[in-house]
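Spelled out from the first residue to the last, the chains are:
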Amino acid sequence: MNTKKIYLITNSNPFDQQLKILKKVLPLGIEYLQYRQKSLSWEQALDEIHQLSILCNLFEVPLIINDRLDVVTITDCQGIHLGEDDLPVKYVRRIARPNLIIGATAKTPERAQLCENAGADYLGVGAFYQSSTKCNAKLISHETLKQIRASVKIPIFGIGGLTPSNITEDIYEHVDGFAVSDAILSNADPVTVVKNFKAL
Ligand SMILES: Cc1ncc(COP(=O)(O)OP(=O)(O)O)c(N)n1
Ligand SMILES: Cc1nc(C(=O)O)sc1CCOP(=O)(O)O
Ligand SMILES: [Mg+2]
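Residues numbered from 1 in each chain as written. Chains lettered and ligands numbered in written order. Predicted model: local features only at pLDDT ≥ 70, side-chain atom pairs only at ≥ 80, totals over all residues. Heavy atoms only, no water.

K.L.:
Outline the overall build of the protein chain, supporting the account with residue identities and numerical values.
P.N.:
The helix and strand inventory of the protein chain stands at nine helices and eight strands. In terms of overall size, the protein chain behaves like a compact globule, its C-alpha atoms giving a radius of gyration of 16 Å where 200 residues would be expected to give roughly 16 Å. Along the three orthogonal principal directions, the C-alpha set of the protein chain runs to about 40 × 40 × 30 Å. Relative to its 200 residues, the protein chain shows a buried fraction of 51%. Expressed as a percentage of contacts within the protein chain between residues at least 6 apart in sequence, the contacts between residues at least 24 apart total 59%. As displayed, the protein chain offers around 10000 Å² of accessible surface, 51% of which is attributable to carbon and sulfur atoms. Side chains of the protein chain carry 21 positive and 22 negative charges; the gap between the two charge centres is 2 Å. (Helix = DSSP H or I, 4+ residues; strand = E, 2+ residues; numbered from the N terminus. Rg over C-alpha atoms; globule rule 2.2 N^0.38 Å. Buried < 20%, exposed > 50% of the residue type's maximum accessible area, 1.4 Å probe, protein only. Contact = heavy atoms within 4.5 Å. Areas by Shrake-Rupley, 256 points an atom, 1.4 Å probe, with all protein chains shown as cover. Lys, Arg positive; Asp, Glu negative; His and termini not counted. Charge placed at Lys NZ, Arg CZ, Asp CG, Glu CD.)

K.L.:
So what about the site of ligand 1? Which residues, and what values?
P.N.:
By nearness alone, 15 residues border ligand 1, and Gln34, Arg36, Lys38, Thr105 and Lys134 come closest of all. Here an oxygen atom of ligand 1 and a side-chain polar atom of Arg36 are 2.7 Å apart. Asp86 has a polar side-chain atom sitting 3.0 Å from an oxygen atom of ligand 1. For ligand 1, the protein covers 89% of the area, taking 420 Å² as the surface of the free molecule. Its residues placed into classes, the shell around ligand 1 shows four nonpolar, six polar and five charged. (Near = heavy atom within 4 Å. Polar contact = N/O pair within 3.5 Å; in protein donor to acceptor, adjacent residues only side chain to side chain. Nonpolar A, V, L, I, M, F, W, Y, C, P; charged D, E, K, R; others polar.)

Now the structure itself:
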């Protein structure tokens, strides 16, 4: 078993289907679960977050909300993930409740350093491959990954189309974990996929 962490991100598959999978894989050791949902009504989103929160508390997996500080403030979650177009890390850190986990997307060493200095707890770095979860994700090179790794100390989660079969040595060497959605949540045997990530 390796020491790389797995960061699971929800997708647009039916929520009940995702919940069934989460009940099987959260006990296997998942570092973070991110709720990523861009199109639901407030009511539906808050209901889903409530259900995820119960499950995450049970297995002691921090629940991270994508993009939305307003949602973070009114739900029982542990963190927020911020991209380049979202609120800046420095302002969120300033007003966030103590110990809120703040993650940030970085596709350049400059942004990685800026986010680390502003108080980010981890970085999401990618995309390494085309992603069916996020079709327009901008790809980055292995050289950029190396530069980002060299420029920050906080944990880096590689992201974008990752599966247990396409993690190159370059990716493996420079990340602390894998942020994954489709490879786990759209697979008929998600438990085996998680075990395969852990066995790399
Ligand atoms: C772990 C992790 N890394 C990167 C992203 C991408 O965030 P962002 O750039 O804000 O894009 P959207 O996910 O909001 O489309 C992420 N969500 N999680
Ligand atoms: C949400 C997200 N952000 C990306 C980025 O590169 O910023 S790639 C991505 C999708 C990750 O899901 P999957 O494992 O299914 O490709
Ligand atoms: Mg975002």
